[in-house]
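Observations on chain architecture
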Amino acid sequence: MICQKCGEEMEIKDVLVARTTDPKDDDVWEKMWVCDCGEKLEIINSEEEMEE
Ligand SMILES: [Zn+2]
């Protein structure tokens with residue numbers, strides 16, 4: 001995946017999408033495309049391991 005902002009290669013990383021205050025609940029992490037410039041994209045394709 002190429003970043004549409006800066007043109008660099010993006011990586012799939014776990015992103016914290018919801019932090020809970022209840023210790024019984026886990027924080028919610030979601031795999032997203034992340035770029036060094038801060039751009040994030042949802043993974044629309046269900047195949048997370050895409051061919052390069
Ligand atoms: Zn970028």
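Scope of this entry: the structure provided in the associated data block. All values reported here derive from a predicted model rather than from experimental measurement.

**Description of the nonpolar core**
If you look at the biggest cluster of nonpolar residues, it comprises five residues: Cys3, Met10, Trp33, Cys35 and Ile43. Residues in contact with Cys3, not counting those within four places in the same chain, are Glu8, Met10, Cys35, Cys37 and Glu39.

**Points about the coordination of the zinc ion**
The protein atoms that coordinate the zinc ion are Cys3 (SG), Cys6 (SG), Cys35 (SG) and Cys37 (SG), at distances of 2.2 to 2.4 Å. Around the zinc ion sit four donor atoms; with metal-centred angles ranging over 103 to 120°, the donor geometry is tetrahedral. All donors of the zinc ion come from a single chain, and their spacing in sequence reads C-x2-C-x28-C-x1-C. Taken together, the residues Cys3 in the segment before strand S1 (11-18) and Cys37 in the loop between strand S2 (28-34) and strand S3 (40-42) connect sequence positions 34 residues apart. You can call Cys3 buried: its relative accessible area is 3%.

**Structural notes on the pattern of salt bridges**
Following the criterion strictly, the structure yields three salt bridges and no others. A salt bridge links Glu39 to Lys5; the shortest N-O distance between them is 3.3 Å. Placement of Glu39 in the loop between S2 and S3 and of Lys5 in the segment before S1 is noted, with a sequence separation of 34 residues between them. Note that Asp22 is salt-bridged to Lys24, the shortest N-O span being 3.5 Å. For Asp22, a relative accessible area of 28% translates into the label partly exposed.

**Examining the pairing of S2**
In the sheet, S1 pairs with S2 via seven bridges, with the strands oriented antiparallel. Counterpart to Lys13 in the pairing with S2 is Met32. Across three bridges, the pairing between S2 and S3 is antiparallel. When the sheet's bridge partners are listed, Met32 is paired in S3 with Glu42. Where S2 folds back on S3, the antiparallel hairpin that results is connected by five residues, among which Gly38 adopts a positive phi of roughly 105°.

Reading the values: the criteria
Per chain, residue numbering runs from 1 following the sequence as it is written. A pLDDT threshold of at least 70 governs which residues receive local features in this predicted model, and a stricter bar of 80 or more applies before side-chain atom pairs are shown or counted, although totals over entire chains, interfaces and linings include all residues. Excluded from the side-chain calculations are hydrogens and water; all other atoms, namely the structure's heavy atoms, are used. What is meant by a nonpolar core is a set of buried Ala, Val, Leu, Ile, Met, Phe, Trp, Tyr and Cys residues, joined one to another through side-chain atoms within 4.5 Å. Think of it in three bands: residues with accessible area under 20% of the maximum for their type are buried, residues over 50% are exposed, and the middle band is partly exposed, with areas taken using a 1.4 Å probe on protein chains only. We call two residues in contact whenever any of their non-hydrogen atoms come within 4.5 Å of each other. The donor set comprises N, O and S atoms within 2.8 Å of the metal, extended to 3.2 Å for Na, K and Ca; water molecules are omitted, so apparent gaps in a site may simply reflect that omission. Every angle between 85 and 135 degrees makes a four-donor site tetrahedral, while opposite donors more than 155 degrees apart, with all other angles between 65 and 115, make a four-donor site square planar and a six-donor site octahedral; other sites are irregular. What counts as a helix is a DSSP run of H or I of at least four residues, what counts as a strand is a run of E of at least two, and both are numbered from the N terminus. In what follows, salt bridge is the name for a side-chain nitrogen of Lys or Arg lying within 4 Å of a carboxyl oxygen of Asp or Glu. Paired strands, as defined in this entry, are two strands with at least two bridges between them according to DSSP.

All we've got here are geometric facts, nothing functional implied.
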